[in-house]
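Here is how the chains run, residue by residue.
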Amino acid sequence: MTDRGIPNETNIEIPNSTISTPSNNIDSIKSISESEGSNMNQVNQVVRRTYKDAIHCLNTLQSNFATIDAVRKSGNTKNEMLIPEMIEWTRRIGYKPCDLNKLNIIHVTGTKGKGSTCAFIQSILNQYKNVPISEDVLIPQSVVAAAAADGAPVTSSPIIQSATAATTANNNSDSIEPPTVALRTSVPITKIGLYTSPHLKSVRERIMINGKPISEQLFAKYFFEIWDRLENTNSDETIFPNMSKGIKPAYFRYLTLLSFHTFIKENIDTAIYEVGVGGEYDSTNIFEHPTTTGVTALGIDHVVMLGNTIEEIAWNKSGIFKKNSKAFTVEQQPEALAVLRERSIEKKVSSFKVVPVRNDIKQIKLGLAGEFQYQNASIAIEIVKAHLDTLGFRNLN
């Protein structure tokens with residue numbers, strides 16, 4: 001049981017009569033999106049907008065089990081429409097992938113330890129909250145415009161970082177290119193968001209701000225804001241045939257959308273995202289410019305979705321690598337590590353590093369038990385260092 005006696009949302013089974021099922025002559029992979037739409041006529045009659053009502057609506061959506069089962073029955077483990085559909089859902093709630101850049105995202109996947117690593121990252125970053133930022137530096141407007149066009153967060157763009165160094169040198173010779181704008185050389189951390197799964201008691205545990213689940217009131221408020229936006233918008237069915245009117249995203253997709261909306265509305269300036277399943281086709285994988293990405297220990301898991309070999313799984317997990325973002329992993333099986341290296345080159349990451357277990361933390365009692373946690377803590381440290389460096393923090397020990 002969860003808070004207020006609401007059954008654990010992840011364990012609720014949806015009656016078959018409430019799920020839109022495709023006809024027998026349609027490729028069963030369509031059921032992944034088509035059955036996302038429950039019988040919404042009944043749900044939309046909800047008048048009250050309480051937390052309990054939000055949980056009721058959430059539990060009418062297709063469960064993660066049903067989603068995986070649809071993939072298993074179809075035999076299609078690489079549905080190329082999953083990411084375009086997620087971008088379309090995001091558009092319908094009012095955002096574009098580039099809008100998420102302001103969250104300064106850390107993206108983490110893996111088979112074992114990804115949740116623990118995200119917890120370590122959050123704990124370490126808490127020590128850097130509200131640290132005074134650097135003084136403003138005058139940067140030529142042309143350089144700022146170039147950085148904005150590059151699509152990355154302006155304050156963390158490599159263009160800006162190089163221009164900052166050049167401009168600082170020019171300050172001494174009074175040769176700054178006019179006109180200029182004042183630009184802070186580092187981004188302060190005031191609010192840290194964490195999106196993770198699954199939850200133990202309350203679904204609110206999946207969306208946290210500064211180490212605490214969002215309140216019932218906030219959950220209900222933002223839940224119904226995006227519910228209404230989805231009700232009042234449509235998709236082009238010639239492009240997205242599985243997103244016809246009345247269809248809602250599946251359970252995990254909806255919560256991912258809710259995290260986007262919540263973190264943007266709450267002015268989160270660092271967001272940590274744990275992948276749900278895999279990476280390449282995961283609902284969280286629409287980020288354009290995460291500050292850093294990390295892959296924890298890999299093993300055989302979710303073979304229906306990811307493949308039967310460690311190489312296939314490594315390929316899928318490394319789908320979160322992004323151009324010009326730093327990528328980290330722990331020591332892996334040679335076959336898996338080879339795939340991760342190849343993918344880092346393919347994705348044009350700015351750097352790729354295999355993180356060994358740090359000797360200097362072996363004497364520390366970690367907040368999470370288990371010898372393997374030293375591996376998770378080690379990669380968390382490297383990810384945080386890279387993240388802070390991207391934000392403009394300097395002289396970090």
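Data block above holds the structure.
Scanning the protein chain from N- to C-terminus turns up 14 helices and 10 strands. Split into buried and exposed, the 397 residues of the protein chain put 53% on the buried side. Restricting the contact set of the protein chain to residue pairs at least 6 apart, pairs at least 24 apart contribute 78%. Accessible surface computed for the protein chain: about 18,000 Å², of which carbon and sulfur atoms make up 52%.

This paragraph deals with the pairing of strand 4 (residues 192-195). Here strand 4 shows a buried face lined by Ile192 and Leu194 and a second buried face lined by Gly193 and Tyr195. Judged from the 4 bridges that link them, strand 4 and strand 7 (residues 270-274) form a sheet pairing that is parallel. Bridge pairing in strand 7 links Gly193 to Ala271. Note: strand 4 against strand 5 (residues 207-209), 3 bridges, orientation antiparallel. The residue of strand 5 that forms the bridge with Tyr195 is Ile207.

As a further point, take the nonpolar core. Leu58, Phe219, Phe223 and Phe263 are the most contacted members of the largest nonpolar core, which totals 44 residues. For this core, the secondary-structure elements that each account for two or more residues are helix 3 (51-58), helix 5 (82-92), strand 5, helix 9 (216-231), helix 10 (251-265) and strand 7. Here the element with the most residues in this core is helix 10; it accounts for 9 residues. With sequence-adjacent residues up to four places away left out, Phe219 is seen in contact with Tyr51, Ala54, Ile55, Leu58, Val203, Arg204, Ile214, Leu255 and Leu258. By size, the runner-up hydrophobic cluster in this structure holds 30 residues, among which are Val187, Ile361, Leu366 and Ala377.

What follows concerns the packing of helix 9 against helix 10. Each pair of packed helices can be described by the angle between their axes along with the distance between the axes. In the contact formed by helix 9 and helix 10, the axes pass within 10 Å of each other and the chain directions differ by 115°. With respect to helix 10, the axis of helix 9 lies roughly perpendicular. As helix 9 packs across helix 10, the resulting crossing turns out to be right-handed. Within the contact between the two elements, helix 9 uses Phe219, Tyr222, Phe223, Glu225, Ile226, Trp227, Arg229 and Leu230 and helix 10 uses Tyr254, Leu255, Leu257, Leu258, His261, Thr262 and Lys265. Partitioning the contact of helix 9 with helix 10 into residue classes produces 10 nonpolar, 2 polar and 3 charged.

Scanning the entire structure with this criterion turns up 16 salt bridges. Among the salt bridges present, the one from Asp99 reaches Lys96, with a minimum N-O distance of 3.9 Å. Overall, Asp99 belongs to the buried group, its relative accessible area being 19%. When the shortest N-O distance is used, the salt bridge between Lys114 and Glu274 registers 2.9 Å.

What counts and how
- Residues numbered from 1 in each chain as written.
- Predicted model: local features only at pLDDT ≥ 70, side-chain atom pairs only at ≥ 80, totals over all residues.
- Heavy atoms only, no water.
- Helix = DSSP H or I, 4+ residues; strand = E, 2+ residues; numbered from the N terminus.
- Buried < 20%, exposed > 50% of the residue type's maximum accessible area, 1.4 Å probe, protein only.
- Contact = heavy atoms within 4.5 Å.
- Areas by Shrake-Rupley, 256 points an atom, 1.4 Å probe, with all protein chains shown as cover.
- Pairing = 2+ DSSP bridges.
- Core = buried A, V, L, I, M, F, W, Y, C linked by side-chain atoms within 4.5 Å.
- Axes fitted to C-alpha atoms, helices over the stretch in contact; angles between N-to-C directions.
- Parallel < 35°, antiparallel > 145°, perpendicular 65-115°, else oblique.
- Left-handed = near helix turned anticlockwise from the far one by under 90°.
- Nonpolar A, V, L, I, M, F, W, Y, C, P; charged D, E, K, R; others polar.
- Salt bridge = Lys/Arg side-chain N within 4 Å of Asp/Glu carboxyl O.

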